[in-house]
Amino acid sequence: MDQPTYDLLARIADALDRLAPPPPLPAEVSAHDAYVWHPERAALEPVDQVSRVPIGLLQGVERQKDILTENTLRFARGLPANNAMLWGARGMGKSSLVKAAHAAANRAFPGSLALIEIHREDIATLPALLDILRGQPRQCLILCDDLSFEREDADYKALKSVLDGGIKGRPDNVLFYATSNRRHLMPRDMIENERSTAIHASEATEEKVSLSDRFGIWLGFHNCDQQTFFAMIEGYAKAFALDVDAETLHAEAVEWSVTRGARSGRVAWQFICDLAGRLGRRIEAGAAP
């Protein structure tokens, strides 16, 4: 090979080396309590401070708190536990409860449980994430917030296999929690359309609904009444030392909820942020639900 050709090939090889991404660093879940999954880099990004609310401030969901916290504590201890689906009304504390239960488990058993967030659009990469977590010595709780599937989605089939039924199966050190506004993760018209066009309608419906059956725990969240809304407001006001008398607090909270057309934990938090701002008081970072 002549020298010009050799030099040309060397420059091409150097250029390809520069374009190639560096090899991914080995994923570890021992240094932090929470991570975000980035499938394009096959990496787990550490989260230094999780945005969460203390579990005691979650009102109107006492039964849901008891069930999910007990399930999470069992898992943190290395005991059998169930995947959980939290579904229902917007803003009623579904994801807040998951993060609060994670914090409660790590208080009871320090360093036992890592929380890993996977985005809805990355659900197809869940098997790759499980392969990384399979060999980890720590218990890992995967959270997918606002999980749902549209008519053209096929990702739900991959999720079904991963949760229960694949050859590899779910690793013993991994649990999956999801939140959704839909009970069966599918739009109703999608299920009904499959039923009406299929040769065996019941089988088509079963295919769609069976995804939810992979979750051993279903927890429903419903719109709260006014007394529960007041309890949320009062709990936040006390926790952040907002000095407002109960009558004024209730009157302003009612006006706020009417202008928003809803009563929920999210609306209560938004009111508290507005009230704290008007009072010139700061709210601790990371306390949002």
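Above this text is the structure in question.
Residues numbered from 1 in each chain as written. Predicted model: local features only at pLDDT ≥ 70, side-chain atom pairs only at ≥ 80, totals over all residues. Heavy atoms only, no water.

> It is not clear to me how the pattern of salt bridges should be interpreted in this structure. Could you clarify?
Pairs can form between side chains of opposite charge once their charged atoms are near each other. Applying the stated criterion to the full structure yields five salt bridges. The residue aspartate 33 makes a salt bridge to arginine 138 at a minimum N-O spacing of 2.7 Å. Of this pair, aspartate 33 sits in the loop between helix H1 (3–19) and strand E1 (34–38) while arginine 138 sits in the loop between helix H4 (126–133) and strand E5 (139–144), and the two are 105 residues apart along the sequence. With relative accessibility at 9%, the residue arginine 138 sits in the buried group. A salt bridge links arginine 278 to aspartate 274; the shortest N-O distance between them is 2.8 Å. Of this pair, arginine 278 and aspartate 274 both sit in helix H10 (residues 265–279), four residues apart, which is roughly one turn of that helix. For arginine 278, a relative accessible area of 48% corresponds to the partly exposed category. (Salt bridge = Lys/Arg side-chain N within 4 Å of Asp/Glu carboxyl O. Helix = DSSP H or I, 4+ residues; strand = E, 2+ residues; numbered from the N terminus. Buried < 20%, exposed > 50% of the residue type's maximum accessible area, 1.4 Å probe, protein only.)

> Mind showing me how you'd approach the sheet that holds E5 here?
Sheet strands associate in pairs through backbone hydrogen bonding, adopting either a parallel or an antiparallel arrangement. Taken in spatial order, the seven strands line up as E2-E1-E4-E5-E6-E3-E7 in an open sheet, and their pairing is mixed. The sheet is open, and its two edges are formed by strand E2 (43–46) and strand E7 (217–221), each paired on a single side. Taken over all neighbouring pairs, the strand axes of this sheet differ in orientation by 25° on average, direction set aside. As judged from the four bridges shared by strand E3 (residues 84–88) and strand E6 (residues 174–180), these two strands associate in the parallel manner. Bridge pairing in E6 links alanine 84 to tyrosine 177. (Pairing = 2+ DSSP bridges. Axes fitted to C-alpha atoms, helices over the stretch in contact; angles between N-to-C directions.)

> Please clarify how the pairing of strand E4 (residues 113–117) should be interpreted in this entry.
Regular strands place side chains that alternate from one sheet face to the opposite one. Of all five residues that make up E4, four are buried, and the element is covered over most of its length. In terms of strand pairing, E4 meets E5 through five bridges, oriented parallel. Across the sheet, alanine 114 pairs through a bridge with cysteine 140, a residue of E5. Between the parallel elements E4 and E5, the chain passes through H4 in a crossover that is right-handed. (Right-handed = clockwise from strand over helix to strand, strands pointing away.)

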